[in-house]
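In case you want the letters, here they are:
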Amino acid sequence: MAQTISLPAAVFLLIVYLIFRFVFHHFRRNKQESFWSSHPILGLDGGPFSLIRATLKSVQLTRKRIFDGYSKYSKVNSFFVVPTLDRGRILVVPPRQVKKLYSLPENVLDVTATGNESIQTKWTIGDEDVYANPLHMHVVRNQITKNLDILTPIIASELEQGFVREWGTSKTEWKSISVWGSCLDIVAGAANAAFCGTPLCQDMEFLKRLQSHATCLFLGAVFINATPKPLRFVTGYTVSWTSHFLFKRVLKVCLPYVKDRLYHIAMLKASPGYVWTPPKDGLQWLIDECYATGDSAQLDPKRIAHRLCFMNDISMHSTGYTARNVIIDLANADPSLGYLDALREEAGRVLKEANGTWTRQAVLKLKLIDSTVRESMRMTTFFSVGLPRTVVDPHGVSVGHGDSTFTVPKGTTLALPVEAIHYDEDIYPDAKTFNPYRFTDKSMIRDIVDETASKTHDGKAQEHGSKPDSAKPPKASATIDDSFLSFGFGKHACPGRFFALNEVKVMVAHMVLNYDIQLLRRSDRNKPKNMPVIWLNVPPLMETKIRVRRRTPLEAM
């Protein structure tokens, strides 16, 4: 006979459990509060509910606080804290500590779960197998990157069609275009030429639906993260329903093509004599990855389409954002400096040497364009504070602080002051000036260890033994180091950066060769500025427009 527990006993056990939970959380909270209070927290004014008010104000003030904290604390190798609406309190890591902390193994300092939490994949993606088993990322990191020789001419051809569609062909009439909107459309078509090929990459309805889903993912994640945890199920379900609805719209267009691809590969595997040549694109490599798992559930056409959609989610806006900023930076540059002429000369010369076709090897020769893209990325980062990591080691992480050490407890979120590092005059002299030549001249960049990390708490330089500038090669746009963080840092740096930069460089080369850009007026009043929204730098709602006109690419003839 089954034993039952009496009501008084159940109540007693419940009371014991609640007391235990209260004591445990009180102890843990006090321990956490003791840690936070030992570091300067920016934005507190000492008044009632100071932390709550500082957190609410973080929507507009996070960027300013990061620059203030960097100047006051990071430059002397000290940590500081910023309260944020979506991520809570963040411990900002000074430059000198980046290599040590961000090289720790993932069982000590987590990046994967933290990244999934940042974009709230539980709600925005939904299918746990898609985000927990990232086969699509394996494709980007391996097959797509290793096959850029094959993909580059295809991407270049689609970029050319995109420019014709978005910017026009008139050599007599100027056309006003939205930089952000046109860049998204052009980038989406070119990227999907590599991801899934024709006809999908030329289907504007498909590309627009992908853009809507990607926008929902990022804005929805910020919305969920900014909601108090007890109420997140409300915003979570709202975003989840919206994201699912938008994905179904994507699915309606691409599912027949995914099913057709699966049919042909199944026939080929069943009968080697079957006449069909698998395309060399991301969709085919994704299907190959799914077959390699031996799990038939991975071959569900909807799941494959979901992975294809997720590949676009994580790449489309960041690549479009980079292209947009390069165009705006060039449009705002003083014409007398001759930047466009120099870029045209290089692009024309390289294209002529490549017999009029953009190849991977030709793109690698675009040194000035590479430097221009990197300089634009340095000046306009996607985030003011980024690359979050979470301490997961039960014993915490021990870090140096002056002549002593302290322990960062489990559960603490770390992040880097990316934009402030990019504007550090000790690393990048004349940092507020857009200089496309900066990364072609190694003397114009000082090592972060040489300049920032070598200063003590009193600001005096210490002796060090790093390389002299003359021994350092110029840095390429895909290079990852602790003074250029747009693509992350260490082994968890963006796996798609080679593909994205290859696309952007061809895009810039084609643009300068084939179009005149009507330069914007050179004044701070008119120069478009991104809006700081918590840690993000968002393009303004009234998007920047420029005027363009087709030109004859004489430099390539």
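In this report, the structure presented in the accompanying data block is examined. Only a predicted model underlies this, so the values are computations on that prediction, with no experimental measurement involved.

1. Brief notes about the packing of helix H9 (residues 179-195) against helix H20 (residues 497-514)
So, step 1. For the pair H9 and H20, the least separation of the axes is 11 Å and the interaxial angle reads 125 degrees. Classified by the interaxial angle, the pair formed by H9 and H20 is oblique. Our pair here, H9 against H20, has a crossing hand that is right-handed. Taken together, the residues of H20 that come into contact with H9 (itself represented by Cys183, Ile186, Val187, Ala190, Ala191, Ala194 and Phe195) are Phe499, Glu503 and Met507.

2. Considering the packing of aromatic side chains
So, step 1. Going through the model one piece at a time under the given rule, you end up with 16 aromatic pairs.
So, step 2. Note on Trp167 and Tyr515: the rings are 5.2 Å apart at their centroids and 80 degrees apart in plane angle, and the pair reads as edge-to-face. Taken as a pair, Trp167 in helix H8 (residues 148-167) and Tyr515 in strand E9 (residues 515-518) lie far apart in primary sequence, 348 residues in all. We note that Trp167, like Tyr515, is buried.
So, step 3. Ring centres of Tyr339 and Phe434 lie 6.2 Å apart, and the angle between their planes is 85 degrees; on these two criteria the pair is classed as edge-to-face. In this pair, Tyr339 is assigned in helix H15 (residues 339-353) and Phe434 in the loop between helix H18 (418-422) and helix H19 (448-451), connecting sequence segments 95 residues apart.
So, step 4. Taken together, the aromatic side chains of Phe35, Trp36, Phe79 and Phe406 make up a single cluster linked through ring pairs.
So, step 5. The ring of Tyr423 carries Arg378 above its face, with NZ or CZ at 5.6 Å from the centroid.

3. A word on the pairing of strand E2 (residues 88-92)
So, step 1. In terms of burial, E2 is a largely internal element, four of the five residues being buried.
So, step 2. Bridge count for strand E1 (residues 80-84) against E2 is five bridges, and the pairing is antiparallel. In the sheet register, Phe80 faces E2, and the bridge partner there is Val92.
So, step 3. Connecting E1 to the antiparallel partner E2 that follows it, the hairpin turn spans three residues.
So, step 4. Judged from the three bridges that link them, E2 and strand E8 (residues 413-416) form a sheet pairing that is parallel. The residue of E8 that forms the bridge with Leu91 is Leu414.

4. Looking at the side chain of His422
So, step 1. Following the sequence through the fold, His422 ends up in helix H18.
So, step 2. A distance of 2.9 Å separates a polar side-chain atom of His422 from the backbone nitrogen of Leu485.
So, step 3. Those residues in contact with His422, other than ones at most four positions away along the chain, are Met377, Arg378, Thr381, Tyr428, Ala431, Ser483, Phe484, Leu485 and Ser486.

Rules of the game
- Numbers given for residues are sequential positions, taken from 1 along each chain in its written order.
- Residues qualify for local features only when their pLDDT is at least 70, as the model is predicted, and side-chain atom pairs are given and counted only at 80 or more; totals for whole chains, interfaces and linings, by contrast, use all residues.
- No hydrogens and no water enter the side-chain calculation; it runs on all heavy atoms of the structure.
- Lines fitted to C-alpha atoms define the axes, with helix axes restricted to the stretch in contact, and inter-axis angles between N-to-C directions lie between 0 and 180 degrees.
- Counting from the N terminus, the helices are DSSP H or I runs at least four residues long and the strands are E runs at least two residues long.
- Oblique is the label for any angle not under 35 degrees, not over 145, and not in the 65 to 115 range, which are roughly parallel, roughly antiparallel and roughly perpendicular in turn.
- By definition, any crossing whose near helix is turned counterclockwise from its far helix by less than a right angle is left-handed, and any crossing with a clockwise turn is right-handed.
- Here, residues are in contact when the closest pair of their heavy atoms is within 4.5 Å.
- Centre distance within 6.5 Å is the pairing criterion for rings of Phe, Tyr and Trp, where only the six-membered ring of Trp is used; planes under 30 degrees apart are then read as stacked, over 60 as edge-to-face, and the remainder as tilted.
- For each residue, the accessible area found with a 1.4 Å probe, counting protein chains only, is set against the maximum for its type, and the residue is called buried under 20%, exposed over 50%, and partly exposed in between.
- Comment: the charge-over-ring label is applied if NZ (Lys) or CZ (Arg) is within 6 Å of the ring centre and within 35 degrees of the ring normal.
- Note on pairing: two strands pair once DSSP finds at least 2 bridges between them.
- Between N or O atoms, a polar contact is any pair within 3.5 Å; within protein, one atom must be a potential hydrogen donor and the other a potential acceptor, and residues adjacent in sequence are included only when both atoms are from side chains.

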